[in-house]
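Coordinate inspection notes
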Amino acid sequence: LVEFRRQAALQGWDESRIAEAHDKLELRFWLKLTHASELEHTLEEVSDPKSPRYGHYLSKEQVNSMVAPTPEHILAVKEALHGLKLNESNQGGV
């Protein structure tokens, strides 16, 4: 908690009050990219004129699919939050 407060202060946040029971918070979690080395290799290939994959660029959907978190990673977050009164949304998520 001390490190969190220190980092928050460095980013310009200040603690003004304790949240009320009726206050709503929006929490977003970013998970580590999967297959980052595979993505890097693919990007190198499509950018290399000597590669047979040269110019065969990936769509945004293909990149998202390649680096999406695994079901296990998503489950770990859900289990960590289990029992809390939360509404789940995947808005803007992969």
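Just so it is clear, the model here is predicted, and its values are computed rather than measured.

Criteria and cut-off values
- Residues numbered from 1 in each chain as written.
- Predicted model: local features only at pLDDT ≥ 70, side-chain atom pairs only at ≥ 80, totals over all residues.
- Heavy atoms only, no water.
- Salt bridge = Lys/Arg side-chain N within 4 Å of Asp/Glu carboxyl O.
- Helix = DSSP H or I, 4+ residues; strand = E, 2+ residues; numbered from the N terminus.
- Buried < 20%, exposed > 50% of the residue type's maximum accessible area, 1.4 Å probe, protein only.

Topic: the pattern of salt bridges
According to the stated counting rule, one finds 5 salt bridges in the structure shown. Linking R5 and E15 is a salt bridge whose minimum nitrogen-to-oxygen distance equals 3.1 Å. One end of the pair, R5, is in helix α1 (residues 2-10); the other, E15, is in the loop between α1 and α2 (36-47), with 10 residues separating them in the sequence. The exposed category is assigned to E15, whose relative accessible area is 58%. Among the ionic pairs, R53 bridges to E45, the shortest N-O distance being 2.7 Å. For R53, a relative accessible area of 34% gives the class partly exposed. On the basis of relative accessible area, E45 is assigned to the partly exposed category, the value being 21%.

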